[in-house]
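Geometric and topological summary
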Amino acid sequence: MRILPGRLTGTFGAPLEPIAVDSNPLALAVADLDGDGADDVVAVSTTEQSLSVLFGAGDFSFAAPVVLAAGEGPVAVAAARGRLAITDAANNSVQVFDLVGRTVGRPTLVTVGADPQALMFADFNRDERPDLAVANRGDDTVSVLLAQDDGSFRAPAAIAVGHEPAALAAGDVGGDGRLDLAVANGGDDTVSILVGNGSGNFTAGPSLATGPSPVALALAADTSESNQVVTGDGKADLLVVCAGANRLEVYAGATDRSFTRVNLFGAGRAPAGLALGQFDSDQAHAADVAVVNPDSDTVTLLRGGTKGSFAGAPQFAVPPAVVAAASGDSDGDGFSDALLTDTSGNVSLLRGNGRGALRDLESFAAGPTPVAAALGDFNGDGYPDVAVANDGVNQISILAGQIGGGLAAPAAVALTGVAGAVLAVDLNRDAAMDLVAAESAARRLAVMLGRSGVLPTAVELDTPGSPVALAGADLNQDGRTDLVVALSQPPALMTWLADTSGNLTASAAKALSREPTALALGDFDEDGLIDAALLSRAAHNVEIWRGRSNRSFESIGILDDQFDPVAIATVDLNFDHHLDLLVVSQATDELVTYAGTGTGSFGSAVAIPVGRAPTALALADFNGDRLADVLVSDSGGADVMLLRNVTRVSVPEYTPTATNTVGPGTPTPPPPATATPSYTPTQTVGPGTPTPPPPATATRSVAREQPGSGGGCAISPEGKRAPGSWLLVGLLLMVPACRRSRLRHPR
């Protein structure tokens, strides 16, 4: 068990020395058990089937643990002044221990519902004695046990809730001075509200649909007196951790005990519990949240803001089955927007507001089974259009842009094969963007030159393998964009050079030893030649290829971290004028960043937790600070996470360039800025770091003061206690999930 001392700034000191408890602690509770004014701690060990009671001295030190037998199936523990309780799932019971000072009495056994998983103390009937509420997963009930004068409990009252209740919280939801209960039901993705009458009786209230697998929740009083302000309207709000989406959901409460979801935030990988507190002593008395992530040995901290916001990575609801993402200014308002492709037959736009948030989702029909999309003005009318690759049919669908940012009904461009990837690129340097589509099964490229006012016509080019990913760059320094294609069966990396008319001629091919999945281009070694980063999902790695003067490539090393890469992009994240790499790892629910050195090598991998089962990423400046932010879509929670780029340096002015799309939904960023400042800036990308508003004028440099390090990830701040708050973590470390990585040479 570890303690992280709070600093009242939203940060914590180094973890103190570990405190020994019995092995495999599963849960803990904090309360002043003996009434001496110092918090005590109780930890549950599943291996030893025991309770370790540690009486505190108020200075982070504890007496030797008092170890108690905890039954055959201990799961959860609750603590209050003079009383402990622990669930025994094996025997459908709760053991209650009474304390006199630091002397623990014999346990009292109370039978409850089947498979009790969570419990809490609260005074439900206002008699100043701690009552018990127990969530019983096996029979979908909550047992309420009212304390009596002699210390015993009345026979438990069973109240039906949703399927497989896993957590509960108490609070005055209706504002009538009576405690109500909120119960998270992991089996049917709901929260049940139980309305208290102030006498210890409860009736069923509203049921709330949540994200997948709610595992923990809290009711915040939303008052400055409680230091739990969330939305700021004085009505109790609800915070729910959904393990199936790796996120925290924020719900605003109403006097009729209903709740409305107002925000989503990333909560780290496989979140399992949360705690409220105040760790930054802000003037708004905002509630902060700590979320435990046992799979990654981390705690995610989310510092509270105003109107239900937290200084973390916001998430936005999108359709399920998103398979590709791109970005650009779809409506000409000067703000970056997000374009998402899902297999239900739609493309969706999330329009940016220029301050790091995305507006409500707009969906447009895009032909059968869209699998990839690109944004560009393909007909030269000045309005951005959307090109969509449709799986199962020999066509590309083009949705023409309209005044106001709308999209017209899809118009089909015939192909000879099925397209799996599309790239928007200007091959002939005219007023209209061109399209290249990869027809993998047909082993062809379809090149469609944009023409003013009409749909393009496809010209087919045969390839020696199945094209799976595309990227564009000027390979021969003639001012024209050329094409790099990753081929499968047999695996190869092939280049095509463009002439003044946009015609492509095959230039060079390099055999690969691994089947490629996605591709990103950039000058990683800064020799003036374009290099390639080739992602192979089958080989679980990324291979770096150095560009040569003959427009071919040579392998210089492999980034091999045994993750599950599905998408890749490159950009200068930390503004040190070296290109960095970003890789989406689906199986581990992470965005993995590698800081570039400018020599073709990269620093250690830094893993940033994102949503469940991420599928794609896009790069754009979503908050107007001229730094690349990262948008990651996921399939597990039907949402996208926006990771806002934070730096503490002044960024020189430059004109942003729209990003292209390469491979199945992975973006190619603009080249690095040509200005060379006399400083080496650092920054942090990841959940939990606040992004200030954009500058007041277009010519002013933006100073950033948030601490960070290049290519790193930030952990969001949490929790609220009295001044001097501290965070207690059972065998968890509050550190980023960083891997030791190296660039190894291929065999």
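Coordinates for the structure precede this section.
The following paragraphs examine the structure supplied in this document.

Thresholds applied
Residues numbered from 1 in each chain as written. Predicted model: local features only at pLDDT ≥ 70, side-chain atom pairs only at ≥ 80, totals over all residues. Heavy atoms only, no water. Buried < 20%, exposed > 50% of the residue type's maximum accessible area, 1.4 Å probe, protein only. Helix = DSSP H or I, 4+ residues; strand = E, 2+ residues; numbered from the N terminus. Pairing = 2+ DSSP bridges. Core = buried A, V, L, I, M, F, W, Y, C linked by side-chain atoms within 4.5 Å. Axes fitted to C-alpha atoms, helices over the stretch in contact; angles between N-to-C directions. Salt bridge = Lys/Arg side-chain N within 4 Å of Asp/Glu carboxyl O. Phe/Tyr/Trp six-rings, centres within 6.5 Å; stacked < 30°, edge-to-face > 60°. Contact = heavy atoms within 4.5 Å.

On a regular strand, each side chain points to the face opposite its neighbour's, so the side chains alternate between the two faces of the sheet. The buried count for strand β11 (residues 116-122) comes to 7 of 7 residues, which makes it a mostly enclosed element. Sheet topology places β11 next to strand β12 (residues 131-136); 6 bridges connect them, and they run antiparallel. Within β12, the position partnered with A122 by the bridge is D131.

Attention now goes to the nonpolar core. In this structure, V542, I544, I568, L581 and Y594 are the most contacted members of the largest nonpolar core, which totals 19 residues. Secondary structure elements with two or more residues in this core: β44 (518-522), β45 (531-536), β46 (541-547), β47 (553-560), β49 (580-585), β50 (590-596) and β51 (602-609). Examining the composition of this core, we find that 3 residues originate from one element, β51, more than from any other.

We now examine the sheet that holds strand β36 (residues 421-425). Strand order in the open sheet formed by 4 strands is β36-β37-β38-β39, and the pairing between neighbours is antiparallel. The strands lining the two open edges of the sheet, one partner per strand, are β36 and β39 (458-462). If you compare each strand with its neighbour and ignore which way they point, the axes differ by 20° on average. Strand direction decides the pairing type here: strand β38 (residues 444-448) and β39, joined by 5 bridges, are antiparallel. Directly across from M448, in β39, lies its bridge partner A458.

The 4 strands lie next to each other as β11-β12-β13-β14, forming an open sheet whose pairing is antiparallel. Each end of this open sheet is capped by a strand with a single partner; those strands are β11 and β14 (157-160). Direction aside, neighbouring strands of the sheet carry axes that sit 20° apart on average.

Applying the stated criterion to the full structure yields 21 salt bridges. With a closest N to O distance of 2.5 Å, E362 and R351 form a salt bridge. Residue E362 is located in strand β31 (residues 362-365), and its partner R351 is located in the loop between β30 (346-350) and β31; the two are separated by 11 residues in the primary sequence. Given a relative accessible area of 7%, R351 falls into the buried group. Among the ionic pairs, R537 bridges to D564, the shortest N-O distance being 3.0 Å. In this pair, R537 sits in the loop between β45 and β46 while D564 sits in the loop between β47 and β48 (565-571), placing the two residues 27 residues apart along the sequence. Exposure remark for D564: the relative accessible area of 11% places this residue in the buried category. Taken together, the salt bridges that share partners define one network made up of R247, E249, R261 and D639.

Right, let's talk about the packing of aromatic side chains for a bit. The relation between two aromatic rings is expressed through the spacing of the ring centres and the mutual angle of the planes. Following the criterion strictly, the structure yields 4 aromatic pairs and no others. Pairing F265 with F310 gives two aromatic rings, centres 5.6 Å apart and planes at 75°, and the pair type is edge-to-face. Note that F265 is positioned in strand β22 (residues 259-266) and F310 in strand β26 (residues 310-311), a separation of 45 residues in sequence. Residue F265 is classed as buried on the basis of its relative accessible area of 3%. Judged by its relative accessible area of 5%, F310 falls in the buried class.

Right, let's talk about the environment of G105 for a bit. Position of G105 among the secondary structure elements: in the loop between β9 (103-104) and β10 (108-111). The class for G105 is partly exposed, based on a relative accessible area of 32%. Excluding residues that lie within four positions of it along the chain, G105 makes contacts with F97 and D98.

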